[in-house]
Amino acid sequence: MIQNQMKKRIAIIGAKGLPAQDGISRVVEEYISYITDEYNFTIFCTAAYTHRHSGYYDGYEEVVLSAIKNKRLNTLWYYIKAVWIILFCRNFDMIHFHHCDSAFLFPLVRLKYHKRILVTTHGAFTKLNDKWKKYRFYFYLQYRVFLKMAPNLTAVSNNESIKTRLIINRESEYIPNGINPEVMISGEEIPTGYVFFAAGRIMELKGLDTMLYALIKMNYKGKVLVAGDITYAPQDFRNKIQELSKRLDIKFLGMIKEKARLFNYIRCARLFIFPSVAETMSMQLLEVASLKVPIIASDIKENTDVFSSDEILFFKTSNADDLAEKIKFALSNEGIMSVKAELAYKTLLQRYTWEEISKHYARVYDKILNL
């Protein structure tokens, strides 16, 4: 496939693997699908996150960079190698960074691309997971110093847009995440009626322990399913989850990479619990709502900015007692929860479809390309 030379060339760094396995990659995968006729996209990925080889897929170019075994160093290696290519090996009309963990490289990128750089933040000012806390000075420099050097900023949550202005005195345009109303669901037959929790990577901030404590407090006897990769979490957290799980009828599914299969598990759930302590604008939460599944979620601002209490049942963040009460209410009032789920779905269709969000990104791209 030969790219259309008349279209502007945009390089995207930060979507680490397509087909998507993580939230940021899913954002990129969704919105560019609506605008590949307008721009030539090159997506830089890492072999640690995709089985594909470099090539052209679904209207865009995917450049797959070699990976190293150390997972944490591989992320740094990925950013450095991608930036090396855009600086010395390839030419683009614009560079779009999704995430700002590579912010220390922004001054170098500006030497070549000047103001034709866009940075979309995905949780720049949220709490660090325990495994990253020893690197807090590195992240402080990234988010409080180097991020200021990005000429154009957007954020995927309204709260993060506000924080960007308050913390580093920079304007950041809010472009939300979204959903595709026409979701693909696998035909796999699975039992129904379980309580479901899902995350790509199960870290402490995802709140799984709070959910398990709540279920134990209410002496829950039903089936519980948990999807996600917990191997990245610290060992003491994994040990805690293992001990709590002994007191419940629980099954760990691991990370479900196939989106259609994950959506099938979500659709068949009696109740989805989203107990995160910190998020930006969760793709997981939006996708569950798009399947009209009743949701109980933590009352962090990133959740309440998107949905109201008419649409989702909220509990006090990290409060297992309150969560236990809300689970009891939801299981005893399934009619009320179904009405909430329908209202949440209507909100998504009105405000958060990828087709409309892609137009927002296109407007920002055109503005930067015309600088």
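On a predicted model such as this, the values are computed, not experimentally measured, just so you know.

> Hey, could you go over the environment of S308 for me, with residue numbers and the actual values?
Looking at where S308 falls in the secondary structure, it is placed in the loop between α10 (301-304) and β14 (313-315). With a relative accessible area of 30%, S308 lands in the partly exposed category.

> Now, about the pattern of salt bridges: what can you tell me, with residues and values included?
Applying the stated criterion to the full structure yields 20 salt bridges. In this structure, E171 and R165 form a salt bridge, with 3.9 Å as the shortest nitrogen-oxygen distance. On the basis of relative accessible area, E171 is assigned to the exposed category, the value being 55%. Since its relative accessible area comes to 35%, R165 is described here as partly exposed.

> Provide a residue-level description of the packing of aromatic side chains, including the pertinent values.
Per the counting criterion, the structure on display carries twelve aromatic pairs. Look at Y78 and Y79: their rings are 5.0 Å apart centre to centre, the planes differ by 50°, and that puts the pair in the tilted class. According to the relative accessible area criterion, Y79 is buried, its value standing at 2%. Of the aromatic side chains, those joined through ring pairs into one cluster are Y31, Y39, F41, Y361 and Y365. Above the plane of the ring of Y232 lies R201, whose end atom (NZ or CZ) is 3.7 Å from the centre. The ring of Y345 has K292 lying over it, and the distance from NZ or CZ to the ring centre is 4.6 Å.

> I'd like to hear about the nonpolar core, residue by residue, with values.
Counting 34 residues, the largest nonpolar core has M211, I296 and I327 as its most contacted members. Of all the secondary structure elements, the ones that give two or more residues to this core are β9 (195-201), α6 (208-217), β10 (223-229), α7 (235-245), β12 (271-274), β14 and α11 (320-332). With sequence-adjacent residues up to four places away left out, I327 is seen in contact with A214, L215, M218, L271, I273 and I296. Listed in part, the 32 residues of the second largest apolar core include I256, Y265, L286 and A289.

> So what's going on with the sheet that holds β9? Residues and values would help.
Strands sit in the order β11-β10-β9-β12-β13-β14 across an open sheet of six strands; the sheet is parallel. The two strands at the open ends of the sheet, each matched to only one other strand, are β11 (249-254) and β14. Neighbouring strand axes in the sheet, compared pairwise and without regard to direction, differ in orientation by 25° on average. Direction of pairing for strand β13 (residues 295-298) relative to β14: parallel, over a ladder of three bridges. By the bridge assignment, S298 is partnered in β14 with F315. Contacting β9, β10 and β11, helix α8 (residues 259-267) crosses the sheet at an angle of about 155° to β9.

The rules behind each value
Within every chain, residues take consecutive numbers counted from 1 along the sequence as written. Two thresholds apply to this predicted model, a pLDDT of at least 70 for residue-level local features and 80 or more for giving and counting side-chain atom pairs, whereas whole-chain, interface and lining totals are computed over all residues. With hydrogens and water stripped out, all remaining heavy atoms of the structure feed into the side-chain values. Segments assigned H or I by DSSP are reported as helices when at least four residues long, segments assigned E as strands when at least two residues long, and all are numbered from the N terminus. Burial here depends on accessible area, computed with a 1.4 Å probe over protein chains only, as a share of the maximum for the residue type. Under 20% is buried, over 50% is exposed, and the range in between is partly exposed. In the sections that follow, a salt bridge refers to a side-chain nitrogen of Lys or Arg positioned within 4 Å of a carboxyl oxygen of Asp or Glu. The criterion for an aromatic pair is that two Phe, Tyr or Trp rings (for Trp, the six-membered ring) have centres within 6.5 Å, with stacked assigned to planes under 30 degrees apart, edge-to-face to planes over 60 apart and tilted to the rest. Over a ring means this: the NZ of a Lys or the CZ of an Arg is within 6 Å of the ring centre and within 35 degrees of the ring normal. Among buried residues, those of type Ala, Val, Leu, Ile, Met, Phe, Trp, Tyr and Cys that are joined through side-chain atoms within 4.5 Å constitute a nonpolar core. What makes two residues a contact is simply this: any of their non-hydrogen atoms within 4.5 Å. Pairing between strands is defined by DSSP: at least two bridges between the two strands are required. Between N-to-C directions, angles cover 0 to 180 degrees, with each direction set by a line fitted to C-alpha atoms, over the stretch in contact for helices.

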